[in-house]
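Structure assessment
Letter by letter, the chains look like this.
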Amino acid sequence: MQSEQFTHNIRRKRVMSTDGKIIGQIKNISFDAKTGLLKKLVVRPDPAFDTTGFRVENEAITIPFDAVKDITDFIVVDRYMLH
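Overview of the structure.

Here is what the cut-offs are and how they apply
- The numbers attached to residues start from 1 for each chain and follow its sequence in the written order.
- Local features in this predicted model are restricted to residues of pLDDT 70 or higher, and side-chain atom pairs are both shown and tallied only at a pLDDT of 80 or more, whereas totals for entire chains, interfaces and linings draw on every residue.
- Remark: hydrogens and water are excluded; side-chain values derive from all non-hydrogen atoms of the structure.
- Should DSSP find at least two bridges between two strands, the strands are taken to pair.
- Note on conventions: DSSP H or I runs of at least 4 residues are helices, E runs of at least 2 residues are strands, and numbering of each starts at the N terminus.
- Between N-to-C directions, angles span 0 to 180 degrees; the directions come from axes that are lines fitted to C-alpha atoms, helices contributing only their stretch in contact.
- Whether a residue is buried, partly exposed or exposed follows from its accessible area with a 1.4 Å probe, protein chains only, as a fraction of its type maximum: under 20%, in between, or over 50%, in that order.
- The contact definition used throughout considers only heavy atoms, calling two residues in contact when any of these lie within 4.5 Å.
- By salt bridge we mean one thing: a side-chain nitrogen of Lys or Arg within 4 Å of a carboxyl oxygen of Asp or Glu.

A look at the sheet that holds strand S1 (residues 14-17)
Across the sheet, which stays open at both edges, the 6 strands sit in the order S4-S3-S2-S1-S6-S5 with mixed pairing between neighbours. Every interior strand has two partners, whereas the edge strands, strand S4 (61-64) and strand S5 (68-71), have only one. Each strand axis lies, on average, 40° off the axis of its neighbour in the sheet, ignoring direction. Of the pairings in the sheet, the one linking strand S3 (residues 38-45) to S4 comprises 4 bridges and is antiparallel in character. What sits directly across from Val 42, in S4, is Thr 62.

Written out as structure tokens, the structure is:
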């Protein structure tokens, strides 16, 4: 899959941790322009998600792409790699 199409497909997805908590929805995606590799997800937190321990900037938190474990209906991220 082309990286542009992949990026477009995940932009509307919600993000959930491996323990089933809804984190929020993708706001933006950061990638390395030279390699095209995704670096981090910028997520608009769900109102019910506790952002304690996260750095919140412009009403969003960042999650390293290395934390992504699966992409299906949700983007599932390893809860142990969030902080």
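Section: the environment of Gly 20
Looking at where Gly 20 falls in the secondary structure, it is placed in the loop between S1 and strand S2 (22-31). What makes Gly 20 partly exposed here is its relative accessible area of 44%. Sequence separation between Gly 20 and Arg 79 is 59 residues; the distance between their C-alpha atoms is 9.3 Å.

Regarding the side chain of Ser 17
With respect to the secondary-structure elements, Ser 17 resides in strand S1. Dropping the residues within four chain positions of it, Ser 17 is found in contact with Ile 23, Val 76, Val 77, Arg 79 and Leu 82.

Considering the pattern of salt bridges
This model, assessed by the stated rule, comprises 3 salt bridges. We note a salt bridge from Arg 14 to Asp 46, for which the minimum N-O separation is 3.4 Å. Here Asp 46 lies in the loop between S3 and S4 and Arg 14 lies in strand S1, a separation of 32 residues in the sequence. With a relative accessible area of 23%, Asp 46 lands in the partly exposed category. Among the salt bridges present, the one from Glu 57 reaches Arg 55, with a minimum N-O distance of 2.4 Å.

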